[in-house]
Amino acid sequence: MKINKDILILGIESSCDETSISVVKNGRYVLSNVTNSQIDIHKIYGGVVPEIASRNHIINIDYVYSKALSDANITIKDINAIAVTYGPGLIGSLLVGLSFAKGLSIATNIPFIGINHIEGHIASNYITNTDLEPPFIALIVSGGHTNLVHVKNYNSFKIYGRTHDDACGEAYDKIARVLGFEYPGGPKLEKSALNGTKNIFTFPRGEIKDCPYDFTYSGLKSHVINVIHNIKQKNNDRIDSKTISDISLEFQNSIIDSLINRTINLSKELNINKIAICGGVSANDAIKNALSTECKKNNIKFFYPEKKYTTDNGAMIASAGYYEFINKKTSNLDLNANANLEFTDK
Ligand code: KG4
Ligand code: ZN
């Protein structure tokens, strides 16, 4: 291992449709973050096509890697460890990043570290908020995950809440699609909600008996889809843009209610006065504003990542990798990609 005051981690993320590689110093300072997004390729299909995603990772990863090093003004020899997402995600996509990391590790003798993608999202907050330290409550809201977590330490978590069906971002994308927005629909639905009027519609707030911190969005989703179909049926298969906005607003308010109460309640129950939101849906200003207001009322400090680190990126993987590396945790070459990798207490 190099004797080097600063520790530089190369972070590689390819679990879905973003090929992203980053160099991060000491877990907090981003020297480069290069992302090739495939959104334009997948949007014509209304969602990510796994086979196309992995092929495009293969095409892009070399260039993204070279640019990440040159933007950081370093060579691979300056890197202390290579952190890479090994799950959960699309298996073909994960394999591209993981195989690349292993090959690089063999060729350079630099250790590599497999990172759970969800732990990466939590670490996205360390980049934007350089003063944030555990313990805190993390609310992870992305296209694939919805979790409420007690971050006990950098490498130690207790999971209190998980979704029983759809993830929060998945619910956004599905409703957005039925409303006629392109994939990924979350940001477009948020924009449409700005023109909505409150209380025109009333949608359910999903609760699960005896699981106060768990989430459910399937009831809300079916209800909203039914409402949209009924409106279209009565109106020659059309729905006007004001009605779309009214539905978007009430849908979003139902989501906001589901997230805020649980998160604030857990913070109070554990007596931890720091909450950090992360994941793609944390780009949503309405959700952040609502959570920020509730945090202020309850004397809780609220943290969120800069927008560019809310969706999948290599920097958050590098940051999570740093805290593994300084804990002397590296991976062996027999580590395999795991599409269904669990996020468990540790
Ligand atoms: O974290 P991410 O890039 O991928 C996963 O790990 O799943 O999250 C992508 C998700 C998509 O579902 C997208 O619609 C959602 O984040 N998203 C939003 C917003 N921006 C992205 N949802 C609601 N409002 C937004 N502004
Ligand atoms: Zn993600």
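Rules and cut-offs
Residues numbered from 1 in each chain as written. Chains lettered and ligands numbered in written order. Predicted model: local features only at pLDDT ≥ 70, side-chain atom pairs only at ≥ 80, totals over all residues. Heavy atoms only, no water. 1 Å grid on protein atoms, 1.4 Å probe; cavity = no way out; pocket = protein on both sides within 12 Å on 5 of 7 lines; lining within 4 Å. Points joined across faces, edges and corners; volume = space filled by probe spheres on them. Helix = DSSP H or I, 4+ residues; strand = E, 2+ residues; numbered from the N terminus. Nonpolar A, V, L, I, M, F, W, Y, C, P; charged D, E, K, R; others polar. Domains from an automatic or database assignment. Pairing = 2+ DSSP bridges. Axes fitted to C-alpha atoms, helices over the stretch in contact; angles between N-to-C directions. Contact = heavy atoms within 4.5 Å.

(A) Quick look at the layout of surface pockets. One number sums up the size of the largest pocket: a volume of about 1500 Å³. Along its surface, the largest pocket is lined by 49 residues, and Ser142, Gly143, Gly144, Glu170 and Asp173 are the ones closest to its centre. Looking at the lining of the largest pocket, the elements with two or more residues in it are helix H4 (117-128), strand S7 (146-153), strand S8 (156-162), helix H5 (168-178) and helix H6 (186-193). Considering each element in turn, the lining of the largest pocket owes the most residues, six residues, to H5. Grouping the constituent residues of the lining of the largest pocket by class yields 16 nonpolar, 21 polar and twelve charged. When residues of the lining of the largest pocket are sorted by domain, at least three fall in each of domain 1 (8-127 + 309-325) and domain 2 (134-304).

(B) Region of interest: the pairing of S8. Relative to S8, S7 runs antiparallel, the two being bridged by six bridges. Residue Val149 lies in a different strand from S8, and its bridge partner there is Ile159.

(C) Region of the structure containing the sheet that holds strand S2 (residues 18-25). Taken in spatial order, the five strands line up as S3-S2-S1-S4-S5 in an open sheet, and their pairing is mixed. On the outer flanks of this sheet lie strand S3 (29-37) and strand S5 (112-116), each paired with one strand and no other. Here the average twist between neighbouring strands, direction ignored, is 20°. As paired elements, strand S4 (residues 81-87) and S5 share five bridges and run parallel to each other. Pairing of Val84 across the sheet is with Gly114, part of S5. Contacting strand S1 (8-13), S4 and S5, helix H3 (residues 91-108) runs over the sheet at an angle of about 155° to S4.

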